[in-house]
Amino acid sequence: MGETATLADAWGAVPAALVVVAVALALGWAVTATDRAVLAGGGPVPGPGRDAARLLLEQRRTTPAPDRLLWRLGCAGVAVLALASWAVVPLGSRSLWSTSADLVWFNAAEAVLWAAVWLVGWGPNAFAALTGGYRFLAQGLAYELPLMFALITAGLAAGSLRTTDVVAAQAGLWFVVTMPVAFVVFLAAAAAFAFWGPFDAPAGTDVAGGVTSELSGVDRLLVSAGRAVFLGAAAAMAVALFLGGGAGPWLPGPVWQLVKTLAVVALLVRAGRRLPLLRPDRAVEVAWVVVIPVVLLQALVVAVLVLAGFYG
Amino acid sequence: MSAEVVLQVVLTVAAGLVGVGLFGALSQQTVVMVMMGLELVLNGVLLAGGAAWYFLAPGLPDAQVLVVVVLVVMAVEMAMGFAVTIALYRSRQVEMIDMAADLRG
Amino acid sequence: MLTASTGWLLAAAAVLGVLSVASGVAVFVVDSMARATFALLGSFLAVAAVLLALDLAYLAVVTALMMTIEMAIMAVFMIAFMMNPAGLVPMSMVHNTRGSAVVGAGAFVVLTAGIWLVDWPVRRTAVPADPTRQLGEALMGSHMLVMLGIGVALFATILAGTLLATARGRYDRFGPDLTAHRPADPVRGGLAR
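Residues numbered from 1 in each chain as written. Chains lettered and ligands numbered in written order. Predicted model: local features only at pLDDT ≥ 70, side-chain atom pairs only at ≥ 80, totals over all residues.

(A) Local environment of the overall build of chain B. Helices and strands together make up the secondary structure of chain B, namely three helices and zero strands. Put simply, chain B runs from its N terminus to its C terminus through helices and strands in the order α-α-α. The buried share of chain B, reckoned over its 105 residues, is 57%. Long-range contacts, defined as pairs at least 24 residues apart, comprise 51% of the intrachain contacts of chain B with a sequence gap of at least 6. (Helix = DSSP H or I, 4+ residues; strand = E, 2+ residues; numbered from the N terminus. Buried ≥ 20, exposed ≤ 12 C-beta atoms within 10 Å, placed from the backbone. Contact = placed C-beta atoms within 7 Å.)

(B) Up close: the interface of chain A and chain C. At the junction of the two partners, chain A supplies 25 residues and chain C supplies 27 residues. Going through the elements one at a time, helix H5 (102–122) and helix H12 (280–307) of chain A are the ones with two or more residues in the side of chain A that touches chain C. A per-element tally of the side of chain A that touches chain C places H5 of chain A first, with eleven residues. Considering only residue class, the side of chain A that touches chain C consists of 17 nonpolar, three polar and five charged. (Nonpolar A, V, L, I, M, F, W, Y, C, P; charged D, E, K, R; others polar.)

(C) View of the arrangement of the chains. Ranking by contact count across two pairs of chains in contact places chains B and C at the top. Between chain A and chain B there is no contact, and the shortest C-alpha to C-alpha distance separating them is 14 Å.

(D) Structural detail: helix H3 (residues 62–92) of chain B. With 31 residues, H3 of chain B should reach 45 Å at 1.5 Å per residue; the first-to-last C-alpha distance of 44 Å fits that figure. Directly after H3 of chain B, the chain includes Gln93 of chain B, whose backbone phi takes a positive value near 55 degrees. (Expected span 1.5 Å × (residues − 1).)

(E) Up close: the interface of chain B and chain C. Chain B puts 67 residues into the contact, and the matching count from chain C is 72 residues. Residue assignment for the side of chain B that touches chain C shows that the elements contributing at least two residues are helix H1 (3–27), helix H2 (31–55) and H3 of chain B. No other element matches H1 of chain B, which puts 23 residues into the side of chain B that touches chain C. Partitioning the side of chain B that touches chain C into residue classes produces 46 nonpolar, 16 polar and five charged.

(F) Quick look at the packing of helix H4 (residues 68–85) of chain A against H5 of chain A. Residues and elements named next belong to chain A. Put simply, H4 and H5 touch, their axes get as near as 8 Å, and they point 160 degrees apart. In terms of orientation, H4 and H5 fall into the roughly antiparallel class. Here H4 runs over H5; the crossing is left-handed. Contact residues: H4 offers Leu70, Trp71, Leu73, Gly74, Cys75, Gly77, Val78, Leu81, Ala84 and Ser85, while H5 offers Phe106, Ala109, Glu110, Val112, Leu113, Ala116, Val117, Leu119, Val120 and Trp122. (Axes fitted to C-alpha atoms, helices over the stretch in contact; angles between N-to-C directions. Parallel < 35°, antiparallel > 145°, perpendicular 65-115°, else oblique. Left-handed = near helix turned anticlockwise from the far one by under 90°.)

(G) Up close: the nonpolar core. Core analysis: the largest hydrophobic core is formed by 197 residues, its most contacted members being Val78 and Ala238 of chain A together with Val61 of chain C. If you tally residues by element for this core, the top one is helix H10 (residues 217–242) of chain A, at 18 residues. Those residues in contact with Val61 of chain C that sit more than four places away from it in its chain are Ala101, Val104, Trp105 and Ala108 of chain A. (Core = buried A, V, L, I, M, F, W, Y, C linked by C-beta atoms within 7 Å.)

(H) Examining the packing of helix H2 (residues 33–53) of chain C against helix H3 (residues 57–81) of chain C more closely. Residues and elements named next belong to chain C. At a minimum axis distance of 9 Å, the contact between H2 and H3 shows a crossing angle of 175 degrees. Accordingly, the angle class assigned to the pair H2 and H3 is roughly antiparallel. Across from Met33, Ala34, Thr37, Phe38, Leu40, Leu41, Phe44, Leu45, Val47, Ala48, Leu51 and Leu52 in H2, the residues of H3 making contact are Ala57, Leu59, Ala60, Thr63, Ala64, Met67, Thr68, Met71, Met74, Ala75, Met78 and Ile79. Each residue belonging to the contact of H2 with H3 can be placed in one class, and the counts come to 21 nonpolar, three polar and no charged.

(I) Expanded view of the environment of Ala52 of chain A. Within the element layout of this structure, Ala52 of chain A appears in helix H3 (residues 48–57). With 35 residues separating them in the primary sequence, Ala52 of chain A and Ala87 of chain A have C-alpha atoms 24 Å apart.

Structural data, given as structure tokens:
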């Protein structure tokens, strides 16, 4: 698995980064629009773009004695990390940036999110927000290891941690066929780290919006956009890791990739909005007693298939 | 000027981290803050290990393995530190190392 | 000679190095425990960035990943145990500051003197194309014993940590005869057991 040319090499660093950011924001917009359409169930849907513009102009509200530095860092962190995770998501056959540990990079972007979300909860010096922050950490204990094992299963079959190599390794057969458990766990973990859908407890309505309860103006925009972009990145990553990337008949690669990514978004939003909320304390036991053993078994099956030469 | 200077700069930074960490670990009174000092010392070792690999022997994996070991030591130190803190706090409601001085036996 | 890449590396190492040491100092200067924890995280992330500049992509992102999770958990303990979590009631929690400062500064001076006086060897091999593969093959091959040691150490840590931290055993959960059908846990888990 040699050095693969990156988008930054091909187009220059700045234009490539701008394109990737534009794609990330567009997909985040699509996620939010789909989410709202599913929630509205056919009624009129307010566009995410209009809300974003309103939040940009809105004046910030604040709380008594907030930790302003950490609060701002947390809010900016959510958005920055969401964009950083896009650095290794392949667009076509190349990613913006390619290291020998792309999958771990994606995982690390989401791990640093632990700190960012907790800071968003800590910053305003408010009860509901801090409760949400603690809930996110508890939830993190549940989803983190299954997510790692799901990522590593795809890397195992490809024999590389480079996302472009993982896409290339699926030329014969999409990984979802031999690792359906890892695919499902990855999408569930994505919903959990974006604290969305059934894993919405850190921002739950029972604590008045949790970590998001005291956010206003640009801060709210950064956190909401960050969550949506993270979900979009996870959908695109799921396509790259498990659904063969841009592979498909007749149409060119990027079109296939877009179609598959939007299909994953639609599936994720539809399924996620149908499931009831899973409280973090329950999620931890389910994750450690059921999900981790099952994902380990999945990894074992894939490892045996690798040894048998199944993936070529 | 050569790569050697870069190595020396990176190692100086590592030495700075070790010095600050030692100061913290020795001067702080609470268990958690002492652990933060120790983590800073290990952070310096981590950096020195990475620099040793890149500038001295990138052909050999040994320095990389050392960094992995340091990472594991950090995780173990943190986990055991918290466990001891909880046990100490549960049994006598203290978290200051001076108040646990009788543990030296 | 100063090539473009060494110059770039020197600049990155200097800037990130100053950042990491400054955040390290901040850990013991700021009043707020939350700020102290995240200053330490800043120090780790700066070191991770230096590792990234040194072509150690895997170790860099693993450092960032592990240390962030560790610091997030640490913040919980800092807030739970310390008397001054948000720095709103400044107080001194130090002892023997002068002696500690002497030891810290002494260690720094000795190490730095050594670093600048030693005639460092010049590397003879090039950086491999895939440092991650090099590490992986070492851990699963020539350095397998290290991997085994790490695994056993971590497993022992999990057991010992749980044992030390928990105050409840099976008799608390299932009663004196261990006959209860459902454990008497303060918080019920998700499997309705």
